[in-house]
Amino acid sequence: MILRINNLSRHYGSTKAVNGISFDINQSDYVAIVGPSGSGKTTLLSMITGMLSSSAGEIYFDTLKLSSMTKGELARFRAKNIGLIFQFSELVSHLTVEENILLPALLVGKFEEQEYREKCEYLISSLNLHTIRDQLPSSLSGGQIQMTAIARALINEPEMLLADEPSGDLDPENSELVRKLLSDFNSRGLTILLVTHDMNLAFDAKTIYEMREGSFTRVVK
Ligand SMILES: Nc1ncnc2c1ncn2[C@@H]1O[C@H](COP(=O)(O)OP(=O)(O)OP(=O)(O)O)[C@@H](O)[C@H]1O
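Sequence order sets the numbering: in each chain, residues are counted from 1 along the sequence as written. Residues qualify for local features only when their pLDDT is at least 70, as the model is predicted, and side-chain atom pairs are given and counted only at 80 or more; totals for whole chains, interfaces and linings, by contrast, use all residues. Remark: hydrogens and water are excluded; side-chain values derive from all non-hydrogen atoms of the structure.

Looking at the nonpolar core
Thinking step 1. Among buried residues, the Ala, Val, Leu, Ile, Met, Phe, Trp, Tyr and Cys ones that are joined through side-chain atoms within 4.5 Å form a nonpolar core. Only protein chains enter the accessibility calculation, which uses a 1.4 Å probe; a residue is then buried when its area is under 20% of its type maximum, exposed when over 50%, and partly exposed in between. In terms of nonpolar packing, the biggest core is built from 39 residues, with Ile-101, Leu-154 and Leu-182 touching the most fellow members.
Thinking step 2. In this description a helix means any DSSP run of H or I spanning at least four residues, a strand means any run of E spanning at least two, and both kinds are numbered starting from the N terminus. If you tally residues by element for this core, the top one is helix 5 (residues 142-154), at seven residues.
Thinking step 3. Listed in part, the 28 residues of the second largest apolar core include Val-31, Ile-48, Met-69 and Ile-82.

Digging into the sheet that holds strand 5 (residues 64-65)
Thinking step 1. Pairing is antiparallel across the open sheet formed by four strands, whose spatial order is 2-1-4-5. A single partner strand is all that each edge strand has here, and the edge strands are strand 2 (15-25) and strand 5.
Thinking step 2. Here a strand pair is declared whenever DSSP counts at least two bridges between the two strands. The sheet contact formed by strand 1 (residues 3-12) and strand 2 spans eight bridges and is antiparallel. Across the sheet, the residue bridging to Arg-4 is Asp-24, located in strand 2.
Thinking step 3. Against the sheet, helix 1 (residues 41-49) makes contact with strand 1, strand 2 and strand 4 (56-61), and its axis sits at roughly 125° relative to strand 1, the strand it touches most. Here a residue-residue contact requires only that any non-hydrogen atoms of the pair lie within 4.5 Å. In this analysis an axis means a line fitted to C-alpha atoms, helices contributing only their contacting stretch, and an angle means the value between N-to-C directions, from 0 to 180 degrees.

Considerations on the pattern of salt bridges
Thinking step 1. Any carboxyl oxygen of Asp or Glu that lies within 4 Å of a side-chain nitrogen of Lys or Arg is treated as forming a salt bridge with it. Scanning all chains against the criterion turns up 11 salt bridges.
Thinking step 2. Here Arg-4 makes a salt bridge to Asp-24, at a shortest N to O gap of 2.7 Å. Here Arg-4 is found in strand 1, whereas its partner Asp-24 is found in strand 2, with 20 residues between them in sequence.
Thinking step 3. By relative accessible area, which is 33% here, Asp-24 ends up partly exposed.
Thinking step 4. As a salt-bridge pair, Glu-98 and Arg-117 come within 3.3 Å of each other at their nearest N and O atoms. One end of the pair, Glu-98, is in helix 3 (residues 97-108); the other, Arg-117, is in helix 4 (residues 113-126), with 19 residues separating them in the sequence.
Thinking step 5. You can call Glu-98 buried: its relative accessible area is 14%.
Thinking step 6. Since its relative accessible area comes to 38%, Arg-117 is described here as partly exposed.

Remarks on the site of the ligand
Thinking step 1. Lining the immediate surroundings of the ligand are 13 residues, of which Ser-37, Gly-38, Lys-41, Thr-42 and Thr-43 lie closest.
Thinking step 2. At 3.0 Å, a backbone N or O of Gly-40 approaches an oxygen atom of the ligand.
Thinking step 3. Polar contacts, as counted here, are pairs of nitrogen or oxygen atoms within 3.5 Å of one another; within protein the pair requires one atom able to donate a hydrogen and one able to accept it, and residues that are adjacent in sequence qualify only if both atoms are side-chain atoms. Here an oxygen atom of the ligand sits 2.8 Å away from a polar atom, N or O, in the main chain of Thr-42.
Thinking step 4. Look at the ligand: alone it shows 640 Å² of surface, and the protein chains cover 59% of it.
Thinking step 5. Contributing elements (two or more residues each) for the shell around the ligand: strand 2 and helix 1.
Thinking step 6. The element that contributes the greatest number of residues to the shell around the ligand is helix 1, accounting for three residues. Residue proximity to a molecule or strand is established when one non-hydrogen atom of the residue lies within 4 Å of it. In this description, accessible areas are obtained by the Shrake-Rupley approach with a 1.4 Å probe, and a residue is regarded as covered only by the protein chains that are shown.

Structure representation (structure tokens):
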């Protein structure tokens, strides 16, 4: 799947949070966007996820124009093709860690039950979630919630992962587990676009854009 961003803008009054950005992401690319707080990274990613409307410009997934999709079409498209990780992830409070990870399987059902079990075991083991797999979200730390949300975003093996600060709430050890997992999925074909302050994570990307005041100012890598 190819993501094409064409002259995309989002203005809040006189604040040009995103100001005429264009770029393409090809199949299996790994792209990181870095930049200071307030430079527009989250606004840009929120538009690409379809959660936030743009003031101008277009977003295409292959030939599908995001702004032409109905809410229902967009929800189905995302569930099937895109993994999302937000800065402050939320889990379903009455489900355990393992049940939360497997939730997208119920919504999409892309694989057989046994395959889901295997994928879930792989994610639990890669992210070291064994000890908390039967716990409810209320008993988890912010970092543990984030790790569970990362596993949940990957269980359906989406074509593309969109992630806002995936390691933002994590200690160095867990950040390293996430870095390795994303790199592993990317080497098996997952296209990744992430926004991060974590330069260790960013440097795994093949392309790094620096963003300032709503525009890409530099290709760091
Ligand atoms: N809902 C909103 N209403 C008004 N202004 C907003 C809104 N959301 C974001 N902004 C402004 O848009 C600009 C970009 O914000 P954004 O959150 O995208 O930056 P960021 O680079 O993701 O920052 P951080 O790294 O701190 O998450 C900032 O000036 C912010 O104040």
